[in-house]
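A structural walkthrough
Spelled out from the first residue to the last, the chains are:
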Amino acid sequence: MSTQSNSMPESFDSQKIAPAAMSATRPLYWSVRRELWEYRSIYIAPLAAAIVFLFGFFISMVSLRHRMHGAWPLDSAQGRDVFATRYELAAALIMGTALIVGIFYSLDALYGERRDRSILFWKSLPVSDLITVLSKLAIPIVILPLLSFAITIATQFVMLLLGSIILLGSGVNIATLWTEASFVHVSLVLLYHLLTVHGLWYAPLYGWLLLVSGWAPRAPFLWAFLPPFVICGVEKIAFNTAHFLTLLQYRLLGPEDAMAPHSAPSDFMASLIPTHFFNTPGLWTGLALAAVFLAAAVRLRRYQGPI
Amino acid sequence: MTVIEARGLRKAFGSTIALDGVDLRVAEGRILGLIGPNGAGKTTALNAILGLIPYQGELKVLGRDPWTERDQLMRDACFIADVAVLPRWMRVSQALDYVAGVHPRFDRAKAEGFLARTDIKRASKIRELSKGMVTQLHLALVMAIDAKLLVLDEPTLGLDILYRKQFYDSLLNDYYDRSRTIVVTTHQVEDVQHVLTDLMFINRGRIVLNCSMEEFESRYLEVSVHPEQVAAARALKPIHERQMLGRSILLFDLMMLDHGDRHQLAALGDVRTPSIADLFVAVLENKPGSQTAQGAQGAAR
C-alpha cells in the first residue's frame, strides 16, 4: 500500500519531498516536463528567434563600425541609444515568438492527445485531469513568459558583448555601455510585463484556447477564432454596435500601464508597483473567466477519449 | 476480495445500447477473459471499469467509483488500452522517466530488466519501434507497476504469433502471482485458452456465458461423431453442430444430458474439450442475447 517512494531508484531527488506534497507537486512537475518533451518548439522557437536576431545585430554592428570610420564617432549617449532600441527590438521579437508559440501550443495541447490516442495512455496513470490541464495552462502563462525572459536577458547580454567587441577602439566608451546600459531597467520592466500581461492578463485567452482544444472534434484553430469573428459580425449587423470587438481589443491590448516596457523608463520603479494593475477590474473579470474556462476544460477532459 | 463488482451496468450511445444491464463480479487473483464479437460491448465495459466513460448502474472497482476517482484508482489498476496508444513522439527513456515520476508504485529497475530482454534501445523514439516492440515496451511499463488489477483490451492486436505467445508467457511468468487480477479481451481466443481462469461471453451488451475454466472443461464436450452414429448423436440434443473434413462435430452441454446419456457420448465418436472459439460460435449462433447457453433448442442447423 504505502511503499510509495521506497521502491524508487536512488537517483530520484524527490525522495526528500514529503509523501503528501509529492502526491500533488510531483505529477504536476512531471506533466510540465512531459509538455516540454512533446512540444520542443516552446524553447526552440524563442531560441531560434534570438539567434536570428543576434545574427542581424552582428551585421548591423559591423556596418555601423564601417560607417563610423568615415564621419561621426559615436559618443557614449548615442552608443547607448543604439543599444536601447535594439534591446527593445530583441525583447519584442522573442516575446512575439513566444506569444505565437503559446497560441499554437494551447490549441494543440488537449487536441493532440485525443488525435494520436495517447490520451488513453495518460489516463492509465494516476494523474488527475485537473493536474493535466493545469500543467498545460502553465506552459503559456508561466513557462513561456519566464523562458522568454531568460532568453531575452541572455540575448541582450550577448548583444552587449558582441557590440563591445565590434565597437572596441572606435571611440565609443565601452565601459559606459556596461555600467549605464538600461539593461537592468529594461529587464525588470520586461519581467513585470511578461508576468502581468502574458501571465495574468492573457490567462482567459489561453484558457479559451485550451477549452477549444479539449472540445473541438477537429480543426481547433477554426473553432477558436471563428466564433469571436462571427459574434462581432452578428453584433454589428443586428445592433450596429461593436461592444464585443471593443472587449476583445481591450483584452488583447491590455490596460495602458501594463504594456510598459517602452514607456518612460525613468519612472519604471513606479510602474513596477503593481497596485495599479491589480486594481484594474478587467484583470479580475479576466481571471474569473480563465477559471471558468479551466474548470470546463478539466470537466471536458474527463469525458473525452480518442477521436 | 472482490476486485470488480457491477450491478445493472448500462451504457447507451445515442440509441445504441452498448451495455444492457450487466452484472459482473470478479474476485481477486482471477484471469478473466471477456470474449465477444465486434460491437458486443467489451470495450465499453472495460472503459466503464477504468473510469473512462460515465455509465448507469452500480460499479465498484477496488472499492472505488471509477468515474469520479479515476486518478486514485490508477494507483492500483493499470491498463493497456490498445496497441497504439503510447505517444509516438516520446523516447523510451522519457517514457520510463515519466511513469517513474508520476506513479508511486512503479519499479523502474524492474522495467529496465524487462527491456533488457528485448531489442528496444533507450534512446529510440516510440515511432521508430515496430508494433511488436511498442507492445513489449508497454507491457514492460505495466508489469513494473505493482498494481492489483490489470486490464488488457486487445493487447496483441496485429501482432504475429511469436510476439503474442511471448506476451502471454511473460504475463503469466513474470507478472501474475495469484493475488493480482487480470481482465483481458481479445479476438485471438486460442492464445488465451490456457491462460484464463474464468471465461465470460458478452453479446449485444449482455453476458451470455459466465463460468470458470474448470467448469468450462467439465461441462462442455465436443464429439467428432462416426458417420453412422450421427442420427443417434443428434438425438442427444447437441447445442451445436458443424462439419469438418466430412465429419460432423457435435458440441454437448453435459448439464443438459442425464447420467446415462453422458456415458453414451464416448461410444459415438472421438471426445475432446472444445476450444473457446467453438463454444463461442455455438453459444452465439444459438441464442443471441440470452443469459445462459442452456436450453439451446434446434442446435444444429
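For every chain, the first residue of the written sequence is number 1, and numbering continues from 1 along that sequence. A letter from A marks each chain and a number from 1 marks each ligand, given out in the order of writing. Residues qualify for local features only when their pLDDT is at least 70, as the model is predicted, and side-chain atom pairs are given and counted only at 80 or more; totals for whole chains, interfaces and linings, by contrast, use all residues.

So, on to the overall build of chain B. By definition, any uninterrupted DSSP run of H or I lasting at least four residues is a helix, any uninterrupted run of E lasting at least two residues is a strand, and each is numbered from the N terminus. The helix and strand inventory of chain B stands at eleven helices and 13 strands. A compact globule built from 301 residues should have a C-alpha radius of gyration of about 19 Å, and chain B, at 21 Å, falls within 12% of that. Counting other C-beta atoms within 10 Å of its own, a residue is labelled buried from 20 upward, exposed at 12 or fewer, and partly exposed in the gap between, with every C-beta atom placed from the backbone. Burial statistics for chain B: of 301 residues in total, 46% are counted as buried. Here, residue contact means that the backbone-derived C-beta atoms of the two residues sit within 7 Å. Intrachain contacts of chain B at a sequence separation of at least 6 include 71% that bridge at least 24 residues. Here the globule rule reads 2.2 Å times residues to the power 0.38, and the radius of gyration is calculated from C-alpha atoms.

Our focus in this paragraph is the overall build of chain A. Along the backbone of chain A there are 13 helices and zero strands. When the elements of chain A are put in sequence order from the N terminus, they spell out α-α-α-α-α-α-α-α-α-α-α-α-α. In chain A, which comprises 307 residues, the share counted as buried stands at 34%. For chain A, long-range pairs separated by at least 24 residues make up 84% of all intrachain contacts whose partners lie at least 6 apart in sequence.

Across the contact, 24 residues belong to chain A and 29 residues belong to chain B. Of all elements in the fold, only helix 1 (19–38) and helix 4 (119–122) of chain A reach the threshold of two or more residues within the side of chain A that touches chain B. Of all the elements, helix 1 of chain A adds the most residues to the side of chain A that touches chain B, at six residues. All amino acids are sorted into three groups, where Ala, Val, Leu, Ile, Met, Phe, Trp, Tyr, Cys and Pro are nonpolar, Asp, Glu, Lys and Arg are charged, and the leftover types, Gly among them, are polar. Looking at side-chain class alone, the side of chain A that touches chain B contains ten nonpolar, eight polar and six charged residues.

Counting 102 residues, the largest nonpolar core has Ala-77 and Val-151 of chain B as the members making the most contacts within it. For each domain, the first and last residues come from an automatic or database assignment. Per-domain counts for this core show at least three residues from each of domain 1 (2–204) and domain 2 (215–286) of chain B. Other than its neighbours up to four places away in sequence, Val-151 of chain B contacts Leu-46, Ile-49, Leu-50, Ala-77, Phe-79 and Val-183 of chain B. Among the nonpolar cores identified, the runner-up in size contains 52 residues, and Phe-83, Ala-90, Leu-144 and Val-298 of chain A belong to it. A set of buried Ala, Val, Leu, Ile, Met, Phe, Trp, Tyr and Cys residues, joined through C-beta atoms within 7 Å, is what we mean by a nonpolar core.

Turning to the confidence of the model for chain B, a few remarks are in order. Residue and element names in this part refer to chain B. A residue's pLDDT is the confidence the predictor assigns to it, expressed on a 0 to 100 scale. Of all residues in chain B, 95% attain a pLDDT of 70 or more, and the chain-wide mean is 88. By mean pLDDT, helix 10 (residues 259–268) is the weakest element of chain B at 80, and helix 3 (residues 92–102) is the strongest at 96. Segment residues 288–301 is flagged for pLDDT under 50; beyond a separation of four residues in sequence, or across chains, it makes 29 contacts in the model. In the predicted complex, the global pTM is 0.85; the interface-specific ipTM is 0.87.

Time to look at the sheet that holds strand 4 (residues 56–61) of chain B. Residue and element names in this part refer to chain B. Between any two strands, pairing holds if DSSP finds at least two bridges. With respect to topology, three strands assemble into an open sheet ordered 2-1-4, the strand pairing being antiparallel. Looking at which strands have only one partner, the edges of the open sheet turn out to be strand 2 (16–27) and strand 4. Averaged over all pairs of adjacent strands, the angle between their axes in this sheet comes to 15°, without regard to strand direction. Of the pairings in the sheet, the one linking strand 1 (residues 2–13) to strand 4 comprises five bridges and is antiparallel in character. Between N-to-C directions, angles span 0 to 180 degrees; the directions come from axes that are lines fitted to C-alpha atoms, helices contributing only their stretch in contact.

This brings us to the domain arrangement of chain B. Residues and elements named next belong to chain B. For chain B, the assigned domains are domain 1 (2–204) and domain 2 (215–286). For domain 1 and domain 2, the distance between their C-alpha centres works out to 34 Å. Within the residue set of the side of domain 1 that touches domain 2, elements represented by two or more residues are helix 7 (189–192) and strand 8 (198–203). Per element, the largest residue contribution to the side of domain 1 that touches domain 2 is three residues, and it comes from strand 8. The residue inventory of the side of domain 1 that touches domain 2, partitioned by class, reads five nonpolar, two polar and one charged.

Glancing now at helix 9 (residues 220–239) of chain A. Side chains that are three or four residues apart share a direction in an α-helix, a result of its 3.6 residues per turn. All names here are of chain A. Taking 1.5 Å per residue as the helical rise, helix 9 with its 20 residues ought to reach 28 Å, and the 29 Å between its terminal C-alpha atoms agrees with that figure. We define the bend at any residue as the angle between the axes fitted to the seven residues before and including it, ending there, and the seven starting there. Along helix 9, the helix axis deviates most sharply at Leu-226, where the bend reaches about 30°; the proline Pro-227 sits within four residues downstream. The element helix 9 is largely exposed, with a buried count of two among its 20 residues. Downstream of helix 9 by one or two residues, Asn-240 has phi in the positive range, about 55°. Helices are assigned an expected span. That span is 1.5 Å times one less than the residue count.

Our next topic: unusual backbone geometry. All names here are of chain A. We note that Arg-117 has phi near 65°; this positive angle belongs to a residue other than glycine. Mapped onto the elements, Arg-117 comes out in the loop between helix 3 (76–115) and helix 4. Of note, the phi angle at Asn-240 is positive, near 55°, even though the residue is not glycine. With respect to the helices and strands, Asn-240 occurs in the loop between helix 9 and helix 10 (243–253).

Glancing now at the pairing of strand 7 (residues 181–185) of chain B. All names here are of chain B. Taken across its five residues, strand 7 has five buried, putting it largely inside the fold. Of the two faces of strand 7, the one holding Thr-181, Val-183 and Thr-185 and the one holding Ile-182 and Val-184 are both buried throughout. As defined by bridge partners, strand 3 (residues 31–35) adjoins strand 7 across four bridges and the pair is classed as parallel. When the bridges of strand 7 are listed, Leu-34 appears paired with Thr-185. Bridge analysis of strand 6 (residues 149–153) against strand 7 gives five bridges, and the strand direction is parallel. Of the residues in strand 7, the one forming a bridge with Leu-152 is Val-184. Once the chain exits strand 6 it traverses helix 6 (residues 161–175) before rejoining the sheet at strand 7, and the crossover so formed is right-handed. By convention a crossover is right-handed if, when the strands point away from the viewer, the path from the first strand over the helix to the second runs clockwise.

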